[in-house]
Amino acid sequence: MGYGIDEAHRGNGYATEAVRGVIKWASEQDGVRCVTAQTDEDNDASRKVLLNSGFVRSGRGDEGPLYKIVFVSPR
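All figures in this text were calculated on a predicted structure; none of them were measured in a lab. Each residue is numbered by its place in its chain's sequence as written, counting from 1. Where totals are concerned, whole chains, interfaces and linings use all residues; where local detail is concerned, this predicted model gives features only for residues with pLDDT of at least 70, and gives and counts side-chain atom pairs only at 80 or more. As a rule here, side-chain values come from all non-hydrogen atoms in the structure, and water together with hydrogens is ignored.

Chemist: Would you explain the overall build of the protein chain in this entry?
Modeler: Within the protein chain one finds two helices and three strands. Secondary structure is summarised from DSSP: a helix means a run of H or I of at least four residues, a strand means a run of E of at least two, and numbering begins at the N terminus for each. Element order for the protein chain, N to C, with α for helix and β for strand: α-β-α-β-β. The globule rule used for comparison is 2.2 Å times the number of residues to the exponent 0.38, while the radius of gyration itself is calculated over C-alpha atoms. Taken over the C-alpha trace, the protein chain has a radius of gyration of 13 Å; the compact-globule value for 75 residues is 11 Å, and the two agree within 12%. Dimensions of the protein chain, computed from the C-alpha atoms along their principal axes, are close to 40 × 25 × 15 Å. Across the 75 residues in the protein chain, those meeting the buried criterion constitute 24%. Considering only intrachain contacts with a sequence separation of at least 6, the fraction spanning at least 24 residues in the protein chain is 58%. Per-residue and other accessible areas were derived by the Shrake-Rupley procedure at a 1.4 Å probe size, with only the shown protein chains allowed to occlude residues. When the accessible area of the protein chain is evaluated, it comes to approximately 5300 Å², of which 47% is carbon and sulfur surface. Only four residue types enter the charge count: Lys and Arg as positive, Asp and Glu as negative, with His and the chain ends excluded. To locate a charge, take NZ of a lysine, CZ of an arginine, CG of an aspartate or CD of a glutamate. Each charge class in the protein chain was averaged separately, 10 positive and 11 negative side chains, and the resulting centres sit 9 Å apart. Only protein chains enter the accessibility calculation, which uses a 1.4 Å probe; a residue is then buried when its area is under 20% of its type maximum, exposed when over 50%, and partly exposed in between. The criterion used for residue contact is that any of the two residues' heavy atoms lie within 4.5 Å.

Chemist: Just checking my understanding: could you explain helix H2 (residues 44–52) for this structure?
Modeler: One turn of an α-helix holds 3.6 residues; hence residues three or four places apart share an orientation. Restricting attention to buried positions, one finds in H2 the residues Ser46, Val49 and Leu50. Down the axis of H2, the sector holding all buried residues measures 95 degrees, keeping them to one side. Structural note: H2 exposes Ala45 and Lys48 on the side pointing more than 90 degrees away from its buried face. Comment: arc refers to directions from the helix axis out to C-beta atoms.

Chemist: Looking at this structure, I do not really get a negative patch on the surface. What am I missing?
Modeler: Within the patch definition used here, like charges are joined within 9 Å and nonpolar side chains (Val, Leu, Ile, Met, Phe, Trp, Tyr) within 5 Å, considering only residues with over 30% relative accessible area and no salt bridge. Take a side-chain nitrogen of Lys or Arg and a carboxyl oxygen of Asp or Glu: if they are within 4 Å of each other, that pair is a salt bridge. A cluster of like negative charges, contributed by Asp40, Asp42, Asp62 and Glu63, occupies part of the molecular surface. Among the secondary structure elements, glutamate 63 is positioned in the loop between strand S2 (56–60) and strand S3 (65–70). Given a relative accessible area of 55%, glutamate 63 falls into the exposed group.

Chemist: What's the story with the sheet that holds S3 in this structure? I'm lost.
Modeler: Backbone-to-backbone hydrogen bonds pair the strands of a sheet. The strands run either parallel or antiparallel. DSSP bridges decide pairing: two strands pair if at least two such bridges lie between them. Sheet architecture is open: three strands sit in the order S1-S3-S2, paired in antiparallel fashion. The outermost strands of the open sheet, each flanked by one partner alone, are strand S1 (34–38) and S2. Taken over all neighbouring pairs, the strand axes of this sheet differ in orientation by 30 degrees on average, direction set aside. Judged from the four bridges that link them, S2 and S3 form a sheet pairing that is antiparallel. By the bridge assignment, arginine 60 is partnered in S3 with proline 65. To obtain each axis, a line is fitted to C-alpha atoms, and for helices this fit is confined to the stretch in contact; angles are then taken between N-to-C directions over 0 to 180 degrees.

Chemist: What's the story with the layout of surface pockets in this structure? I'm lost.
Modeler: Two kinds of site are reported from a 1 Å grid over the protein atoms alone, namely cavities, where a 1.4 Å probe fits but cannot get out, and pockets, open sets with protein on both sides within 12 Å along at least five of seven lines, and residues are called lining when an atom falls within 4 Å of a point. Grid points are joined across faces, edges and corners, and a volume is the space filled by probe spheres set on the points. What the largest pocket holds in volume is close to 470 Å³. Lining the largest pocket are 22 residues, and of these Tyr3, Ala15, Asn43, Ala45 and Ser46 sit closest to its centre. Every element with two or more residues in the lining of the largest pocket is listed here: helix H1 (14–27) and H2. When residues in the lining of the largest pocket are grouped by element, the largest group, four residues, is from H2. Among the residues making up the lining of the largest pocket, the classes are represented as seven nonpolar, eleven polar and four charged. Classification used: nonpolar for Ala, Val, Leu, Ile, Met, Phe, Trp, Tyr, Cys and Pro, charged for Asp, Glu, Lys and Arg, polar for all others including Gly.

As structure tokens, then:
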């Protein structure tokens, strides 16, 4: 998952709304078992959005911390 919010519009909950929308959509798709996301090392705002949306840190990707949300019910 990737997203960016123009600086003038940050802090309005748009990223959280978009992330939660993607999670909801993905959870309704057959065969989708998880969603992964990656942030830059110093992007505290994105890290907070992911953690507050149910993601857990799951390691390190090429560009920084890696996060994952796993759907427990079969698709």
